[in-house]
Amino acid sequence: LGTALATVDPLLSQHAFCRALQIDKMLADPLSNVGMMYADFGKTDTSSEVLDALTQVADTPLMWVGRGLLLEKSSIEWKGQEGSSEACMIKAADAYRAALQIMQNPAALMGLSLTCRRS
């Protein structure tokens, strides 16, 4: 339900994900979806905290894809400083590679191809 509502009503979507976590705290999908939703709305610190919590639940490719996306956003923020921007892109590519070691996730393949192309 939360994924279906993400574009229409983000607040209700967040509520659905949080309700799923109240029912079962060990579900990885709602936790990763909440982390991605926070990243979409520019809450990178909160998104990072959620992804840290996800590492305690399960080792999923979505956790690493989320890390890669956050590192790409950091790279854009550090655009003026060439060394820092480049380091963030390399770390993002490593995060996507870690996701691919777990499972052949299409988002990880796309992220890896784009980050390697940019760096």
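What you are looking at is a predicted structure, and each value in this text was computed from that prediction instead of being measured.

**Student:** Please set out the overall build of the protein residue by residue, giving values where relevant.
**Tutor:** Looking only at helices and strands, the protein features seven helices and zero strands. Helices (α) and strands (β) of the protein occur, in sequence order from the N terminus, as α-α-α-α-α-α-α. Against the globule reference of 14 Å for 119 residues, the protein gives a C-alpha radius of gyration of 15 Å, in line with a compact fold. Once the C-alpha set of the protein is aligned to its principal axes, its extents read approximately 45 × 30 × 25 Å. In the protein, of all internal contacts separated by at least 6 residues, the share reaching a separation of at least 24 is 43%.

**Student:** Pulling in residues and values, what's your account of the confidence of the model for the protein?
**Tutor:** Averaged over the protein, the pLDDT score is 88; the fraction of residues at 70 or greater is 98%. The lowest-confidence element of the protein is helix α1 (residues 2-5), averaging 82 in pLDDT; the highest-confidence one is helix α2 (residues 10-23), averaging 90.

**Student:** Run through the nonpolar core, naming residues and quoting values.
**Tutor:** The biggest cluster of nonpolar side chains holds 13 residues, and the ones touching the most others in it are L31, V34, V50 and L54. Setting aside its immediate chain neighbours within four residues, V34 contacts F17 and V50. The next biggest cluster of nonpolar side chains, apart from the first, holds nine residues, and it includes M36, A93, A99 and L100.

**Student:** Hey, could you go over the environment of T60 for me, with residue numbers and the actual values?
**Tutor:** By the secondary structure assignment, T60 is in the loop between α4 (44-57) and α5 (61-77). Given a relative accessible area of 14%, T60 falls into the buried group. Once the C-alpha coordinates of T60 and I102 are considered, the two residues, 42 residues apart in sequence, prove to be 6.9 Å apart. What T60 contacts, discounting residues up to four positions off in sequence, is A28, L54 and I102.

**Student:** Give a detailed account of the state of the cysteines, specifying residues and quantitative values.
**Tutor:** Per the stated rule, a full pass over the model turns up zero disulfides. Note on C88: no disulfide assigned, nearest cysteine sulfur contributed by C116 at a separation of 15 Å. Looking at C116, the relative accessible area reads 34%, which means it is partly exposed.

**Student:** Describe the side chain of S13, naming the residues involved and giving the relevant values.
**Tutor:** Mapped onto the elements, S13 comes out in helix α2. We classify S13 as buried; its relative accessible area is 0%.

**Student:** Before we move on, can you summarise the packing of helix α3 (residues 28-40) against α5 with the specific residues and values?
**Tutor:** Geometrically, a packed helix pair is captured by the angle between its two axes and the distance between the axes. For the pair α3 and α5, the least separation of the axes is 10 Å and the interaxial angle reads 10°. Comparing their axes, α5 and α3 come out roughly parallel. Between α3 and α5, the contacting residues are D29, S32, M36, A39 and D40 on the first element and L62, V65, G66, L69, L70 and K73 on the second. Counted by class, the contact of α3 with α5 contains six nonpolar, two polar and three charged residues.

Rules used in this analysis
- Residues numbered from 1 in each chain as written.
- Predicted model: local features only at pLDDT ≥ 70, side-chain atom pairs only at ≥ 80, totals over all residues.
- Heavy atoms only, no water.
- Helix = DSSP H or I, 4+ residues; strand = E, 2+ residues; numbered from the N terminus.
- Rg over C-alpha atoms; globule rule 2.2 N^0.38 Å.
- Contact = heavy atoms within 4.5 Å.
- pLDDT = per-residue confidence, 0-100.
- Core = buried A, V, L, I, M, F, W, Y, C linked by side-chain atoms within 4.5 Å.
- Buried < 20%, exposed > 50% of the residue type's maximum accessible area, 1.4 Å probe, protein only.
- Disulfide = S-S within 2.5 Å.
- Axes fitted to C-alpha atoms, helices over the stretch in contact; angles between N-to-C directions.
- Parallel < 35°, antiparallel > 145°, perpendicular 65-115°, else oblique.
- Nonpolar A, V, L, I, M, F, W, Y, C, P; charged D, E, K, R; others polar.

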